[in-house]
Amino acid sequence: MMVTSLSHTSGPDAETKTMTDPDVSVLFHCAPWGGLRESQVQVELSERFNKQTDVVLERHIDQVWAERVSKEPWLFNGAKFRLHSFCLVLPSSHSSNTFLDYAEEQKRAKQVDFGHADLSSDVTNLTDSGSSKDPATCDSGEFNGITLKRPLPLGPVLYLRLGLTSYKDYLGTNWSSGASELRQRGEDEFSDPLALLAQPLGVGAVVCTRDGQVVMIRRSQSVAEAGGLLDIPGGHPEPKVVCERLGHSVSEDQISVVVMQQKPDAVVSELFSSVCAEIRDEVNIPLSSLGEAVLMGIALNHTSAGRPSAEFYISCSLTSDEVRKLYWKGGAEANESTDIIFTSTTEVLQLDRSSPLWLELCPSARGAVLLYQTVKPD
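What you see is a predicted model; the values in this text were computed from it and never measured. (Residues numbered from 1 in each chain as written. Predicted model: local features only at pLDDT ≥ 70, side-chain atom pairs only at ≥ 80, totals over all residues. Heavy atoms only, no water.)

Enquirer: When you look at the pattern of salt bridges in this model, what are you seeing that I'm missing?
Expert: Oppositely charged side chains can pair when the atoms bearing their charge come close. Enumeration over the complete set of coordinates arrives at 17 salt bridges. Put simply, Arg185 and Asp54 hold a salt bridge, and the shortest N to O gap is 2.4 Å. Note that Arg185 is positioned in helix H5 (residues 179-190) and Asp54 in the loop between strand E3 (41-45) and helix H1 (55-71), a separation of 131 residues in sequence. A residue is classified by how much of its surface remains accessible, and Asp54, at 28% relative accessible area, is partly exposed. A salt bridge links Arg68 to Glu72, with the shortest nitrogen-to-oxygen separation between them at 2.8 Å. When sorted by exposure, Arg68 lands in the same class as Glu72, which is buried. One network of salt bridges, in which partners are shared, links Asp21, Asp23 and Arg366. (Salt bridge = Lys/Arg side-chain N within 4 Å of Asp/Glu carboxyl O. Helix = DSSP H or I, 4+ residues; strand = E, 2+ residues; numbered from the N terminus. Buried < 20%, exposed > 50% of the residue type's maximum accessible area, 1.4 Å probe, protein only.)

Enquirer: Any chance you could explain H5 here in plain terms?
Expert: Counting along an α-helix, one turn takes 3.6 residues, and residues three or four places apart therefore face a common direction. Here H5 contains 12 residues, and its C-alpha end-to-end distance of 16 Å stays within 8% of the 16 Å for a straight helix at 1.5 Å per residue. Buried within H5 we find Ala179, Leu182 and Gly186. Projection of H5 onto a plane perpendicular to its axis shows the buried side chains occupying an angular sector of 55°, all on one side. Among the structural elements, H1 and helix H4 (167-172) are those in contact with the buried residues of H5. Following H5 by one or two positions, Ser191 adopts a phi angle in the positive range, close to 55°. (Expected span 1.5 Å × (residues − 1). Arc of directions from axis to C-beta. Contact = heavy atoms within 4.5 Å.)

Enquirer: Help me understand the pairing of strand E4 (residues 79-91), please; the structure alone is not making it clear to me.
Expert: Each regular strand carries side chains that alternate between the two faces of the sheet. Among the 13 residues in E4, 11 count as buried, and that is most of the element. Direction of pairing for E4 relative to strand E9 (residues 157-166): antiparallel, over a ladder of 10 bridges. Residue Cys87 lies in a different strand from E9, and its bridge partner there is Tyr159. (Pairing = 2+ DSSP bridges.)

Enquirer: Could you clarify how one ought to interpret the pairing of strand E11 (residues 213-219) in this entry?
Expert: Within E11, 6 of the 7 residues are buried, which leaves it mostly tucked inside the rest of the structure. For E11 and strand E16 (residues 337-344), the ladder comprises 7 bridges, and the chain directions are antiparallel. The partner of Arg218 across the bridge, within E16, is Asp339. Pairing between E11 and strand E12 (residues 230-231): 2 bridges, direction antiparallel. Paired with Ile217 across the bridge in E12 is Asp231.

Below, the structure is given as structure tokens:
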């Protein structure tokens, strides 16, 4: 197995260049493979991947939370998964596999761009521009504590390094007015600008109907972020759901990494199933009408200090008219939006910053659109 750390971004050309927006960026995309399936994603769970903290920071988080709850008493402090970093295993025709580690890209919010890389041949194509570490080889089935499944599925395998965080921590760090100072402290004290941030991993989906329409919903003014803007269905994978599926009935503050380490596949399952559940609850589309969730990549929301979100493509067997009727019947989370809008896949592929519709999209939707334009999964 070849192991390397990547520390540069390939330069875009006319064919691979993606639109830029100061509010969002693409950290990682799956364009070379048309997206990744659930069997191609694995996780490493560890408390090492939790945010760093101290008494001063915790006091600040408590203060922010108290102020928010006093104004919005319905807020709920649920546990979330924290994205620390990720790496990629590329199966080789030889006996070894190529292992690419993107910890630095996650820290520096650099896009991992495969536009010029021949990923099927040699890792040197990705490291000629200045890798920070020399490639090393090993024959074992582990790297940095990750046990590689045997046999590996065909195609690449994405490993997500996850810790735990909470909505309270998110509001007190990423969404705090002091987020930039926390990034600087993280850089100064831990050589990692994200070390003191919650970085909860969200999920979102570009849902395409049978008649080629992309589903968007207008966020209610009562939601915590981006009220009144257009969004795609989405939310967060829930650690509590994973624990319950493993037979552990725990409260939010009792959730621990140790319980979920017993079966990390359950975390992957929740990552992929949670986005489908959000579509069901927000749009009222039955799960039976949704196709397989395909991971397009990871986008960063810079209006909340680079919060990451895994964005998926999901086909729907219903027409836009059928979806519209279901939406107005109301789903479990109908209160989170006020309207449903359909846009053709052709228009979505052509959206740019000069488009009036682009200005109506909230940052999470913009990130998903950028990934859809890059990966083109359908």
